[in-house]
Amino acid sequence: MERIPILKMGPFLLVTIQIDLYDRLALTLENDLINMVSQTGARGVLIDISAVSIVDSFMGRILGNIASMSRIMDAETVVVGMQPAVAITLVELGLTLQGVHTALNVEKGMELLNTKLIGNLEQDEEEEEDQNDRND
Amino acid sequence: MNTTAQVLEKNKERILEKWMQNQLSDASLRDDLMTSDELQRQSKEMLDGLLRAVSKGNHDNIYDTEFEQVTDTLRDISITRARQGFSPRETGTYVLSLKQALIEVLVEQRQDDTSTLYMEIMQLNTLLDNLSIVTFETFIKGREEVILRQTDEISEISTPVIRVWDGILALPIIGTLDSARTQIVMENLLQEIVNTGSNIAILDISGVPAVDSLVAQHLIKTVSATRLMGAECIISGIRAEIAQTIVHLGIDLSNIKTKASLASALQLAFSMTNLEVRRNDKNKGLNIMR
Amino acid sequence: MEIVREQDVVPFRNRVREFSTRIGMSLVNQTKLITAASELVRNMLKYASGGKVILEIISHNAKTGVRLTFKDEGPGIADIALAMRDGFSTGRSLGLGLPGAKRLVNEFDLKSNPGEGTTVTVIHWKHGR
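Source: prediction; values computed, not measured.

Calculation rules
In every chain, residue numbers begin from 1 and rise along the written sequence. Ligands are numbered from 1 and chains lettered from A, in the order in which they are written. With the structure being a predicted model, the display of local features is reserved for residues of pLDDT at least 70 and the display and counting of side-chain atom pairs for 80 or more, all residues being used for whole-chain, interface and lining totals. Hydrogens are left out, water is left out, and the side-chain values use all remaining heavy atoms of the structure. Strands here mean DSSP runs of E at least two residues long; helices mean DSSP runs of H or I at least four residues long; both are numbered from the N terminus. The rule is simple: take the accessible area with a 1.4 Å probe, protein chains only, and divide by the maximum for that residue type; under 20% is buried, over 50% is exposed, in between is partly exposed. Residues count as neighbours in contact if any of their non-hydrogen atoms are within 4.5 Å of one another. For the area figures, the Shrake-Rupley method with a 1.4 Å probe applies, and any residue is considered shielded solely by the protein chains shown. Strands qualify as paired when DSSP identifies two bridges or more between them. For helices, the axis comes from a line fit to the C-alpha atoms of the stretch in contact; other axes are also lines fit to C-alpha atoms, and the angle between any two N-to-C directions lies between 0 and 180 degrees. Domain delimitation follows an automatic or database domain assignment. Confidence of the prediction at every residue is given by pLDDT, a number between 0 and 100. Buried area: the sum, over both parts, of the accessible surface (1.4 Å probe) that disappears when the two are put together. Salt bridges, as used here, are contacts in which a Lys or Arg side-chain nitrogen is within 4 Å of a carboxyl oxygen on Asp or Glu. N or O atoms within 3.5 Å of each other form a polar contact, as long as, within protein, one can give a hydrogen and the other can take it, and as long as residues adjacent in sequence are counted only when both atoms are side-chain atoms. Residues are said to line a cavity or pocket when one of their atoms sits within 4 Å of a point; the points come from a 1 Å grid over protein atoms alone, cavities being sets where a 1.4 Å probe fits but cannot get out and pockets being open sets with protein on both sides within 12 Å along at least five of seven lines. Grid points are joined across faces, edges and corners, and a volume is the space filled by probe spheres set on the points. Any residue outside Ala, Val, Leu, Ile, Met, Phe, Trp, Tyr, Cys, Pro, Asp, Glu, Lys and Arg is labelled polar, Gly included; the first ten of those are nonpolar and the last four are charged. Stacked, edge-to-face and tilted are the three classes for Phe, Tyr and Trp ring pairs, Trp counted by its six-membered ring, which pair at centre distances within 6.5 Å; planes under 30 degrees apart are stacked, over 60 edge-to-face, the rest tilted. Throughout this description, any angle smaller than 35 degrees is read as roughly parallel, any larger than 145 degrees as roughly antiparallel, any in the 65 to 115 degree range as roughly perpendicular, and the remainder as oblique. Each crossing gets its hand from how the near helix is turned against the far one by less than a right angle, where anticlockwise is left-handed and clockwise is right-handed.

1. Here we look at the overall build of chain B
Summing up its helical and strand segments, chain B has ten helices and seven strands in all. Counting only residues that meet the buried cut, chain B has 45% of its 290 residues in that class. In chain B, the proportion of contacts linking residues at least 24 apart, taken out of those at least 6 apart, comes to 69%. Carbon and sulfur atoms form 52% of the exposed surface of chain B, whose accessible area is close to 15,100 Å².

2. Structural notes on the sheet that holds strand 5 (residues 257-258) of chain B
Residue and element names in this part refer to chain B. Pairing within the open sheet is mixed, and its five strands lie in the order 1-2-3-4-5. Each edge of the open sheet is held by one strand with a lone partner, namely strand 1 (162-165) and strand 5. Of the pairings in the sheet, the one linking strand 3 (residues 200-207) to strand 4 (residues 232-236) comprises five bridges and is parallel in character. Across the sheet, Asp 204 pairs through a bridge with Ser 236, a residue of strand 4. Relative to strand 4, helix 8 (residues 213-229) is tilted by about 150°, and along the sheet it contacts strand 3 and strand 4.

3. Quick look at the sheet that holds strand 5 (residues 101-103) of chain A
Residues and elements named next belong to chain A. What the five strands build is an open sheet, ordered 1-2-3-4-5; its pairing is mixed. Whereas interior strands pair on both sides, the edge strands pair on one side only; in this sheet they are strand 1 (6-9) and strand 5. Sheet twist, expressed as the mean angle between neighbouring strand axes with direction ignored, is 25°. Relative to strand 4 (residues 76-80), strand 3 (residues 44-48) runs parallel, the two being bridged by five bridges. Following the sheet pairing, Val 45 is matched in strand 4 by Thr 77. Helix 2 (residues 57-72) contacts strand 3, strand 4 and strand 5 of the sheet and is inclined by roughly 150° relative to strand 4.

4. What to know about the domain arrangement of chain B
When the parts of a complex come together, some accessible area is lost, and that lost area is often taken as the interface size. One can read the domain layout of chain B as domain 1 (4-153) and domain 2 (162-289). The gap between the C-alpha centroids of domain 1 of chain B and domain 2 of chain B is 57 Å.

5. Looking at the confidence of the model for chain C
Mean pLDDT for chain C: 83, with 95% of residues reaching 70 or above. Mean pLDDT per element in chain C: strand 1 (residues 2-3) of chain C is the minimum at 78, and strand 5 (residues 117-125) of chain C is the maximum at 88.

6. As for the interface of chain B and chain C
Counting residues at the interface gives seven residues for chain B and five residues for chain C. When the two sides are added together, the surface that chain B and chain C hide from each other amounts to roughly 530 Å², 50% of it contributed by carbon and sulfur. Viewed at the interface, chain C and chain B are joined by zero salt bridges. In this assembly, chain B and chain C are joined by one residue pair in polar contact (both at pLDDT 80 or more). Breaking the side of chain B that touches chain C down by element, the ones donating at least two residues are helix 6 (114-157) and helix 7 (179-196) of chain B.

7. Considering the layout of surface pockets
Considering only enclosed or pocket space, the largest pocket measures out at about 640 Å³ in volume. Around the largest pocket, the lining is made up of 33 residues, and of these Asn43(C), Tyr47(C), Ile77(C), Thr90(C) and Leu98(C) lie nearest the centre. Those elements that place two or more of their residues in the lining of the largest pocket are helix 2 of chain A together with helix 2 (27-48), strand 3 (63-72), helix 3 (80-83), helix 4 (97-104) and strand 5 of chain C. Among the elements that take part in the lining of the largest pocket, helix 2 of chain C stands out by supplying eight residues, more than any other. Split by residue class, the lining of the largest pocket holds 17 nonpolar, ten polar and six charged.

8. What to know about the packing of aromatic side chains
Residues and elements named next belong to chain B. Inspection of every chain in the model, using the stated rule, returns three aromatic pairs over all chains. Plain terms: the ring middles of Trp 19 and Tyr 94 are 5.1 Å apart, the flat faces sit at 45° to each other, and that makes the pair tilted. Of this pair, Trp 19 sits in helix 2 (residues 12-25) while Tyr 94 is found in helix 5 (residues 88-109), placing the two residues 75 residues apart along the sequence. Taken individually, Trp 19 and Tyr 94 each receive the classification buried, so the pair is uniform in this respect.

9. With respect to the interface of chain A and chain C
Contacts between chain A and chain C engage 20 residues on the former and 22 residues on the latter. Together, the buried faces of chain A and chain C total about 2,000 Å²; carbon and sulfur atoms form 58% of this surface. Summed over the three residues of chain A that lose the most area to chain C, namely Ile54(A), Glu92(A) and Leu93(A), the buried surface amounts to 28% of that side. Here chain A is connected to chain C by three salt bridges. Put simply, Lys32(C) and Glu92(A) hold a salt bridge, and the shortest N to O gap is 3.7 Å. Remark: the boundary between chain A and chain C carries six residue pairs in polar contact (both at pLDDT 80 or more). Contributions of two or more residues to the side of chain A that touches chain C are made by helix 1 (23-40), helix 2 and helix 3 (84-93) of chain A. Among the elements that make up the side of chain A that touches chain C, the one with the highest residue count is helix 3 of chain A (six residues). Split into classes, the residues belonging to the side of chain A that touches chain C amount to ten nonpolar, four polar and six charged.

10. Comments concerning the packing of helix 2 of chain C against helix 4 of chain C
For any two helices packed against each other, the geometry comes down to the angle between their axes and how far apart the axes lie. All names here are of chain C. Taken N-terminus to C-terminus, the directions of helix 2 and helix 4 make an angle of 155°; their axes are 9 Å apart at the nearest point. Accordingly, the angle class assigned to the pair helix 2 and helix 4 is roughly antiparallel. The way helix 2 lies across helix 4 gives a crossing that is left-handed. Note on element contacts: helix 4 touches helix 2 through Gly 97, Leu 98, Ala 101 and Leu 104, opposite Lys 32, Thr 35, Ala 36, Glu 39, Leu 40 and Asn 43. Classifying every residue of the contact of helix 2 with helix 4 gives five nonpolar, three polar and two charged.

11. Observations regarding the environment of Ala85(A)
Along the polypeptide, Ala85(A) turns up in helix 3. Ala85(A) gets classed as buried once you look at its relative accessible area, which sits at 5%. The spatial distance from the C-alpha of Ala85(A) to the C-alpha of Leu113(A) is 25 Å, given a sequence separation of 28 residues. In this view, Ala85(A) contacts Leu27(C), Val28(C) and Thr31(C); residues no more than four positions away in its chain are not counted.

This is the structure we're talking about:
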C-alpha cells in the first residue's frame, strides 16, 4: 500500500505531500505521523502541502487532528506552503484550521518551530497562544 | 399562381437593390465603420439565406433549422456591430429596411391580387419582426460583453499590491468591496505573498467608502486566507465613522490587528519583524537598524 | 462517471479539472469547484456507498460553466434544512460538506427523498459569478 514518507530532521519531523491524497492515504499518514512523534519524541511537525492542489474538509480535519494529537504529545505542528487558491477555498468552505500553525515555506516553518521550541524551554508550559506571536 | 417564395426569388436582385438603397439613404449610416461593398456582401448573404428558408415554406418559426443560417448571420452581424460601436438605430435599421424593401417589391408584383398581398405582408411582418428581435437580443448581448470585459479590467487595475519593505506588502483598497472584488484582492494579495515571501500584509481601507457587515466579512475572509498561507494581515485606515459602524453593527474584529493609519500599521509591522526605525541626528534621514 | 470506491475520487477530481481547464476557468475557481465536488463525492461514498456523476459543460447568457450532477440511490436526506446547516453531521465529521460545497459554487440544488436517494446539482461559471 502507498505511504507518505516521513523524514526526521533533528527534533522535527518533515512530511512533504506530493500527490493528491485520497481519504485512506490521509488516514494512514495521520497514523504513521503520530506513531513517529511518539517513537522519536519529536518536538515539531512540519507538513509541506505546497504540491497539494485540493484541501477539502476531510483533509482539513486530518490536519487539525494531527495538530491536536501532536500537541498532546508536546509537539507543535506547522503547515507550510499552502497554495493561494487552496487558502481561498478553505476560507470559503468555512475551515480556518484553528490551532494549526502556518508558514510560507519550509524554511520559515522551521524558523517558527525553533522560536516555539525556545519559548517552550523558557517557560515550561506554553499556553496555546494566538498564532500571531510567530513573528515576535 | 406563383408562391411568395417564387416571387421573391425572381425579384431578388431588385430587393437587394432596394434594400441597399434604403440602408444607404439612411442619414445615420456610418460609412466610416463599414464600406458599402462590405455592406452589399453582408446583405446579399443575408437575403440568400432568408429566401432559401422561406422557399421551404416556413414563414413564422425562426427557431426552426431552416432559419439557422439566417439567424446565425444576423447574430454575427449584430455582435460585430455592437463591438464596433454602431448605435442600436443603425443595427435595427439593417433588418427593418429589408422589410421595407420586401414589401415594396411584393406590392409591385401583386397589384392585381390584394388579398394574397395582404396575407403575404402579414407573414413577412411577423417574420421580420422576429428577426429584428434576434438582432436586438444579440446586439445587447454584445454590448454586455464589452461591459463585462471592462469590469474585469477595472477590478484588475484597482487592486495594486505594493511592496513597502522587505517582507511587508501593502494593498490600498479604493472603492466598494463586493464579493467579486474581494476574490480578486485575495488572489492578488496571496499570489504576491508567495512571490515575495512576505510575512506581513497591510490592507489599507481608507479608500473604502463604507463598511457594512458584508464588507467586514470579506475583510475577515481575506485575513483568514492570509493566515492560512502563513502570513499576518494588518488592516489599516479605519476612519472614525467606520469604527462607529463596525461597533454599531456588532462586528467582531478583535481577532484582527487593526490600526488607524497606514503609518502606524507599518510601525507595527516593523516591530513584528524586529525592525527599528531611527532618526539619524547627522543627516536627519531615516536609518534602519536590524 | 461511476463512483463506487474511494480510489475513484482522485481520477474523478482530475476529470473535473480537465473540464474546467477546457473552458478556461481560473485556478481559484477550479480549486473551488473541485473541492466542492470532492465534498459531494465523499458524501455519496459515505452515506450511499457510491453513485453516478454527470459532468457537463454548459453555456447560458454568454456565460460558460461546468455542471456536475451527483446521483445516488442511498438512504436520502430526511431534513434538508438541517443537513445544510454548518456543523451538522450524522457521520462524526466537521459538518461542512454540504453547506461548504454550496458556498464554493455558483449554483447549488439538492433534491432528496428518504429511501429514494439524493441528487445534487452544482454549476460553477467560468468567471465565478
